[in-house]
Amino acid sequence: MRNKILQLIATIAFLAAAAGPAGAGLAKIGEAVYDDGRSGEAAYSLIYDDESNLVWLDYSHGSADWQVMADWAQGLNEPGVLIYYMFDEYRNFQWTGNWRLPDARNADNSSPDQGYASGSEMGHLYYNSLGLGAGGASENELNAGLFDHLNADQYFSGTRENETMAWAFNLGNGYQAAIWDMPLRVSAIAVREGTIEVPLPAGAGFLAGGLLIFIYPVRRRRK
């Protein structure tokens, strides 16, 4: 009996560690106030992906060449450019990197894949986190969940192919390819690494404590 209860407690502990934040996958952890110089100050969602430990700033910068976009993302790290308001349960969120353009390489740092591929950071967002399919996605589909400002356009990555070309991911159809630095219309989104300390699911600690109390009298009776 005692062994079975201990096994149950171990199972609860394992599930607690693996559970992740509520709504595992994407979670809104706060907002950042940003003034883009055109529409004034506005609050944009900070959306955390617990599968890749990335935070997306839900703001799309459009119509500029790659260097402008790379400088824009880097500039978000300057003091006061973004004013953060984290939700109470995420106040201890640990930022582990700076704002940047997404990486087009695969998760193992291998060269970018051309085509309908999910290995890049934007590919993971499109196919895995948003659950969209190859060939077409509307802006309503892109923004059906936590996002509000994604465009069905190509988005620059921070990965250059050579001096004249950079990789981009098309959020309108899920296709990744290297394109010219000066396209007619290309957007950009910023991403940053971070981690969350996962709390125990509600009631898990209470249940485990109750089981321990139950075990103690059993041991005393046996003595």
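Every chain begins its residue count from 1, and numbering advances along the sequence as written. Per-residue local features of the predicted model are confined to residues with pLDDT of at least 70, and side-chain atom pairs are confined, for both listing and counting, to 80 or more; whole-chain, interface and lining totals are unaffected and use all residues. Here the side-chain values reflect all heavy atoms present in the structure, with hydrogen atoms and water set aside.

Caption draft 1: Examining unusual backbone geometry more closely. Although it is not a glycine, Ser63 sits at a positive phi angle of roughly 60 degrees. Secondary structure elements are defined from DSSP: runs of H or I of at least 4 residues count as helices, runs of E of at least 2 residues count as strands, and each element is numbered from the N terminus. Tracing the backbone shows Ser63 in the loop between strand 4 (61–62) and helix 2 (66–75). Owing to a relative accessible area of 54%, Ser63 belongs among the exposed residues under this scheme. Burial status follows relative accessibility: with a 1.4 Å probe on protein chains alone, a residue under 20% of its type maximum counts as buried, one over 50% as exposed, and anything between as partly exposed.

Caption draft 2: Structural view of the packing of aromatic side chains. Classification of ring pairs rests on two measures: the distance between centres of Phe, Tyr or Trp rings, Trp counted by its six-membered ring, which must be within 6.5 Å, and the angle between planes, read as stacked under 30 degrees, edge-to-face over 60 and tilted in between. This structure, assessed with the given rule, holds 12 aromatic pairs. Measuring from centroid to centroid gives 4.9 Å for Phe93 and Trp95, while their planes differ by 70 degrees, and the two rings are edge-to-face. An angle of 75 degrees between the planes, with centres 5.0 Å apart, marks the rings of Tyr116 and Tyr175 as edge-to-face. With Tyr116 in the loop between strand 6 (94–95) and helix 3 (121–129) and Tyr175 in strand 9 (residues 175–180), this residue pair connects regions lying 59 residues apart in the sequence. Taking relative accessible area as the criterion, Tyr116 reaches 49% and is therefore assigned partly exposed. Members of the aromatic cluster, each reached through a chain of ring pairs, are Tyr48, Tyr84, Phe93, Trp95 and Trp99.

Caption draft 3: View of the pattern of salt bridges. Whenever a carboxyl oxygen of Asp or Glu lies within 4 Å of a side-chain nitrogen of Lys or Arg, that contact is scored as a salt bridge. Here the structure, examined in full by the defined rule, presents seven salt bridges. Arg91 is paired through a salt bridge with Asp88; the nearest N and O atoms lie 2.9 Å apart. For the pair shown, Arg91 and Asp88 are each scored as exposed. Of the charged contacts, one joins Glu193 and Arg100 as a salt bridge, the two residues approaching to 2.8 Å between their closest N and O atoms. Of this pair, Glu193 sits in strand 11 (residues 191–195) while Arg100 is found in the loop between strand 6 and helix 3, placing the two residues 93 residues apart along the sequence.

Caption draft 4: Seen up close, the layout of surface pockets. Detection works on a 1 Å grid of protein atoms alone, calling trapped sets that fit a 1.4 Å probe cavities and calling open sets with protein on both sides within 12 Å along at least five of seven lines pockets, with lining residues defined by an atom within 4 Å of a point. Grid points are joined across faces, edges and corners, and a volume is the space filled by probe spheres set on the points. By volume, the second largest pocket is sized at about 180 Å³. Looking at side-chain class alone, the lining of the second largest pocket contains two nonpolar, six polar and four charged residues. When residues are sorted by character, Ala, Val, Leu, Ile, Met, Phe, Trp, Tyr, Cys and Pro go into the nonpolar class, Asp, Glu, Lys and Arg into the charged class, and all the rest, Gly among them, into the polar class.

Caption draft 5: Geometry of the sheet that holds strand 3 (residues 54–57). When DSSP finds two or more bridges between a pair of strands, those strands are recorded as paired. Spatial ordering of the open sheet is given by 5-1-2-3-11-6, a layout of six strands whose pairing is antiparallel. Across the chains shown, the open sheet's two edge strands, defined by having one partner strand only, are strand 5 (82–86) and strand 6. Sheet topology note: the strand 1 (residues 26–35)/strand 2 (residues 41–49) ladder contains nine bridges and is antiparallel. Among the inter-strand pairings, Val33 is bridged to a residue of strand 2, identified as Ala43. Sitting on the sheet, helix 3 is in contact with strand 1, strand 2, strand 3 and strand 11, with an inclination near 90 degrees to strand 3. In this analysis, two residues are considered to be in contact whenever any of their non-hydrogen atoms come within 4.5 Å of each other. Axis geometry follows a simple rule: fit a line to the C-alpha atoms, using only the stretch in contact for helices, then measure angles between N-to-C directions, giving values from 0 to 180 degrees.

Caption draft 6: View of the side chain of Ser45. Secondary-structure assignment places Ser45 in strand 2. For the purposes of these results, a polar contact is taken to be a pair of N or O atoms within 3.5 Å, where, inside protein, one atom must be able to donate a hydrogen and its partner to accept one; residues adjacent in sequence count only when each atom of the pair is a side-chain atom. A distance of 3.3 Å separates a polar atom in the side chain of Ser45 from a polar atom in the side chain of Lys28. Not counting the four nearest positions on each side in its chain, Ser45 is found in contact with Lys28, Gly30, Glu31, Trp56, Leu57, Asp58 and Leu146.

Caption draft 7: Molecular detail of the pairing of strand 11. As paired strands, strand 3 and strand 11 are joined by three bridges and run antiparallel to one another. The residue of strand 11 that forms the bridge with Val55 is Arg192. Note: strand 6 against strand 11, two bridges, orientation antiparallel. Directly across from Gln94, in strand 11, lies its bridge partner Thr195.

Caption draft 8: Here's a closer look at the nonpolar core. Among the nonpolar cores identified, the biggest contains 31 residues, and Ile29, Leu57 and Phe156 are the most heavily contacted of them. For this core, the secondary structure elements donating two or more residues are strand 1, strand 2, strand 3, helix 2, strand 5 and strand 8 (165–170). Considering every element that reaches this core, the biggest residue donor is helix 2, with five residues. In contact with Ile29, not counting residues within four places along its chain, are Leu46, Tyr48, Val55, Met86, Phe87, Tyr90, Phe93 and Ile196. Throughout this description, the term nonpolar core refers to a set of buried Ala, Val, Leu, Ile, Met, Phe, Trp, Tyr and Cys residues connected via side-chain atoms within 4.5 Å. Counting residues in each nonpolar core, the second largest holds 18 residues, with Leu26, Ile47, Tyr127 and Ile189 among its members.

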